Amino acid sequence: MHIAMISRALLGGALVAAVLAANAAAAGESAYISQVSAKAGAAASTTISQPAPIAPSGNYAQRQAAFVPTPETTRARSSNFANTVQIGNANNVFQAQSGGRNFSDVGVLGGTDNNVAVLQGGRDFSNLQLLNTQGLSIAVLQPPGSAPINMLIARLPNGGLLIKR
Amino acid sequence: MQVSAAPAIECVIRAEPETDGLRIAALARAAAPASGQYRLQVAKQSASGSSHTVQSGAFTLEAGQEQVLTTVVLDRSAIGHYRAELSLQSDQETSSCTSP
């Protein structure tokens, strides 16, 4: 699983190449942050196959507005599911899912001019929420069987950027 | 919702407004057992922004069975501002349909 904050210019034609690269193999480090080992990635398929809530454990679970899949959203386990909620202005969301058993939820709430791309190769879970962000470009690249990602990115009143997983 | 004319594998896009959004489901029906690949593209352009979703994968249908292949949910601003295209490809034929 790789997460990258990249410039808006990179989110154009590079996405197609990126998903191909993500499906083929975990790409090199360079601009991306490797977050899980291959062993942790293997656990992803187990998690996504269960309709149980997937949310950060520990203290985060009580404070974070995590998306919890309902039985309805997980009923078609062999297929893909993509949810996009945009409440703001001029935000762009691109989601590409290949294979099966992908689940992606993208929420852009209150923000403007954000670009989000989620590329999943199969048996992947992603929940990404942006709150009040402006001009942010985020790409989530998940090769087949990646560990689930559950992330909240919010622009705080003091101007800071909160990134919580 | 538009249904293709091909009788062997039927292609259906079901768009249903819900309380929280617009649910777009890609379905397939077959008169005889069939398998192949599907591809669903959904594009939406509204005041809140644009969204483009591409989903693909394999399907296997039994005779007379209707199966939901994949699902896309968009916020309610997508109602009246989206376009979906589903294509099914099996060994025997290719079928496609669009919505709206």
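Residues numbered from 1 in each chain as written. Chains lettered and ligands numbered in written order. Predicted model: local features only at pLDDT ≥ 70, side-chain atom pairs only at ≥ 80, totals over all residues.

A.B. asks: Which parts of the structure should I look at to understand the overall build of chain A?
C.D. replies: When helices and strands are tallied, chain A shows three helices and ten strands. Across the 165 residues that make up chain A, the buried fraction comes to 41%. By sequence separation, contacts in chain A at least 24 residues apart represent 39% of the contacts at least 6 residues apart. (Helix = DSSP H or I, 4+ residues; strand = E, 2+ residues; numbered from the N terminus. Buried ≥ 20, exposed ≤ 12 C-beta atoms within 10 Å, placed from the backbone. Contact = placed C-beta atoms within 7 Å.)

A.B. asks: Got a minute to help me understand the overall build of chain B in this structure?
C.D. replies: Within chain B one finds zero helices and seven strands. For chain B, the α and β elements follow one another from N to C terminus as β-β-β-β-β-β-β. Long-range contacts, defined as pairs at least 24 residues apart, comprise 65% of the intrachain contacts of chain B with a sequence gap of at least 6.

A.B. asks: I tried to follow unusual backbone geometry on my own but got confused; where do I start?
C.D. replies: Among all residues save glycine, negative phi is the norm, and among peptide bonds the norm is trans. Of note, the amide linkage connecting Ser 99 of chain B to Pro 100 of chain B takes the cis form, showing an omega dihedral of -5°. Mapped onto the secondary structure, Pro 100 of chain B falls in the segment after strand 7 (94–99). Not every positive phi belongs to a glycine, and Asp 113 of chain A is a case in point at roughly 55°. With respect to the element layout, Asp 113 of chain A can be found in the loop between strand 5 (103–112) and strand 6 (115–120). C-beta crowding within 10 Å serves as the criterion here: with 16 such atoms nearby, Asp 113 of chain A is assigned to the partly exposed category. Phi is positive for Arg 123 of chain A, which is not a glycine, with a value near 60°. Mapped onto the secondary structure, Arg 123 of chain A falls in the loop between strand 6 and strand 7 (125–131). Judged by the 24 C-beta atoms lying within 10 Å of it, Arg 123 of chain A is buried.

A.B. asks: Sorry, what's going on with the confidence of the model for chain A here?
C.D. replies: The predicted structure's coordinates, where accompanied by low pLDDT, should not be read in detail. Residues and elements named next belong to chain A. Within chain A, residue pLDDT values average 68, and 53% of them lie at 70 or more. Segment residues 6–67 is flagged for pLDDT under 50; beyond a separation of four residues in sequence, or across chains, it makes 96 contacts in the model. Counted against residues more than four places away or in other chains, residues 71–76, with its pLDDT under 50, gives six contacts. (pLDDT = per-residue confidence, 0-100.)

A.B. asks: When you look at the pairing of strand 2 (residues 22–30) of chain B in this model, what are you seeing that I'm missing?
C.D. replies: For a regular strand, the rule is simple: side chains alternate between the two faces of the sheet. Residue and element names in this part refer to chain B. The element strand 2 is extensively covered by neighbouring structure, given that seven of its nine residues are classed as buried. Relative to strand 2, strand 1 (residues 9–17) is paired through nine bridges, and the arrangement is antiparallel. By the bridge assignment, Pro 17 is partnered in strand 2 with Leu 22. If you look at the hairpin formed by strand 1 and strand 2, you'll find four residues sitting between the two strands. (Pairing = 2+ DSSP bridges.)

A.B. asks: Whenever I open this one, the confidence of the model for chain B confuses me. Can you help?
C.D. replies: Residues and elements named next belong to chain B. Confidence along chain B averages 87 in pLDDT terms, with 93% of residues attaining 70 or more. Here strand 4 (residues 49–61) is the element of chain B with the lowest mean pLDDT, 90, and strand 6 (residues 82–90) is the one with the highest, 93. Across the assembled chains, the prediction reports ipTM 0.78 with pTM 0.68.

A.B. asks: Please clarify how the sheet that holds strand 2 of chain B should be interpreted in this entry.
C.D. replies: The pairing of strands in a sheet comes from backbone hydrogen bonds and takes either a parallel or an antiparallel form. Read across the sheet, eight strands follow the order 10(A)-9(A)-7(A)-5(A)-3(A)-5(B)-2(B)-1(B) without closing on themselves; strand pairing throughout is mixed. Strand pairing shows two members of the sheet lacking a second neighbour, strand 10 (161–164) of chain A together with strand 1 of chain B, which therefore form its edges. Here the average twist between neighbouring strands, direction ignored, is 10°. The pairing of strand 3 (residues 80–89) of chain A with strand 5 of chain A spans eight bridges and is parallel. Directly across from Asn 89 of chain A, in strand 5 of chain A, lies its bridge partner Thr 112 of chain A. (Axes fitted to C-alpha atoms, helices over the stretch in contact; angles between N-to-C directions.)

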